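Below are the chains, spelled out letter by letter.
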Amino acid sequence: MNLLEKAIHSDNVPNLVIYGDKYTPKYQSTMTILSQRYDCKFKESFHSFGYRRSEFVHEFNLRGLKNSNKTEFENTLRRIAHQSNYFANSKNVILLINFNQIKPAIQSFLRVYLEKYRKTTIFIIITDNFTSVHEALRSRSLCIRMSDCNLREQITDKTNDPYEIVCLKITTYLSKDFVYLTTNDIQRIRDISYQILKYNL
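Parameters and conventions
Residues numbered from 1 in each chain as written. Predicted model: local features only at pLDDT ≥ 70, side-chain atom pairs only at ≥ 80, totals over all residues. Heavy atoms only, no water. Phe/Tyr/Trp six-rings, centres within 6.5 Å; stacked < 30°, edge-to-face > 60°. Helix = DSSP H or I, 4+ residues; strand = E, 2+ residues; numbered from the N terminus. Buried < 20%, exposed > 50% of the residue type's maximum accessible area, 1.4 Å probe, protein only. Pairing = 2+ DSSP bridges. Core = buried A, V, L, I, M, F, W, Y, C linked by side-chain atoms within 4.5 Å. Contact = heavy atoms within 4.5 Å. Axes fitted to C-alpha atoms, helices over the stretch in contact; angles between N-to-C directions. Polar contact = N/O pair within 3.5 Å; in protein donor to acceptor, adjacent residues only side chain to side chain.

Further remarks concern the packing of aromatic side chains. Tallied over the full model, the rule gives 6 aromatic pairs. Judged by centre distance (5.0 Å) and plane angle (45°), the rings of Tyr-113 and Tyr-117 are tilted.

Okay, structure coming up:
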């Protein structure tokens, strides 16, 4: 079980910031794990920004958020956070995707909600750019960097090359907790693996 799975399946799910390169499966991985714990059969809602909901999970696509609908977004978020699933003994989950699209003023508003509604709501922020998330939000959340889903494809499939096997084992181990590895990182690991075997270190 990786770090993201442990967090979502824990008894006290923390607020989460999930980040990584735009090609990493941040949203897909998060939804897969959320679906194991919550009902994620979404119903579309009529809003000027991207919003859909299930019984416990509320998804906001912030790409459609503008100054003209900012108040509507805040009111919708406030209404969800005020509600508590007492009978189901579960918190609401607010999923904020494409977080790097929003402006600092809205982040200040969200910071207040992360603090005020911790007992009723879990906030999950998904972004391509970690620095786009304000420090005040990061400090109140568990931050998880997502690794490249095509990690194995970047490593040459040469099972008879010992240093490739070592490289694959190292990168697979690192990726278990979503350590993000670039192509350059993998090449460096490959070079180190070669040196280890060459000089029998």
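Back to the text.
Phi angles above zero are rare outside glycine, and Asn-98 is one such case at about 55°. Locating Asn-98 in the fold gives a position in the loop between β5 (92-97) and α4 (104-116). For Asn-98, a relative accessible area of 16% gives the class buried.

Let us now look at the pairing of strand β4 (residues 57-61). Across the 5 residues that make up β4, a large majority, 4, are buried. The pairing of strand β3 (residues 50-53) with β4 spans 4 bridges and is antiparallel. By the bridge assignment, Arg-52 is partnered in β4 with Glu-59. Here β3 folds back onto β4, and the loop between the two strands holds 3 residues. Direction of pairing for β4 relative to β5: parallel, over a ladder of 5 bridges. Directly across from Phe-60, in β5, lies its bridge partner Leu-96.

Of all hydrophobic cores here, the largest spans 25 residues; its most connected members are Phe-60, Leu-62, Phe-73, Leu-77, Leu-96, Phe-99 and Leu-110. For this core, the secondary structure elements donating two or more residues are β1 (16-19), α3 (70-82), β5, α4 and β6 (121-127). Not counting chain neighbours up to four residues away, the residues in contact with Leu-62 comprise Phe-73, Leu-96, Ile-97, Asn-98, Phe-99, Gln-101 and Ile-102. In this structure, Val-13, Met-31, Cys-40 and Val-57 belong to the second largest nonpolar core, which totals 22 residues.

Take the sheet that holds strand β2 (residues 43-44) next. Strand order in the open sheet made by the 7 strands is β2-β3-β4-β5-β6-β1-β7, with mixed pairing throughout. The sheet terminates laterally at β2 and β7 (142-145), the two strands that pair on one side only. The pairing of β2 with β3 spans 2 bridges and is classified as antiparallel. Residue Lys-43 lies in a different strand from β3, and its bridge partner there is Arg-53. Sheet contacts for α3: β3, β4, β5 and β6; angle to β4, the most-contacted strand, approximately 165°.

Turning to its location among the elements, Glu-59 is positioned in strand β4. Side chain to side chain, Glu-59 and Tyr-27 meet in a polar contact 2.5 Å long. Those residues in contact with Glu-59 that lie beyond four places of it in its chain are Tyr-27, Met-31, Phe-42, Gly-50, Tyr-51, Arg-52, Leu-95 and Ile-97.

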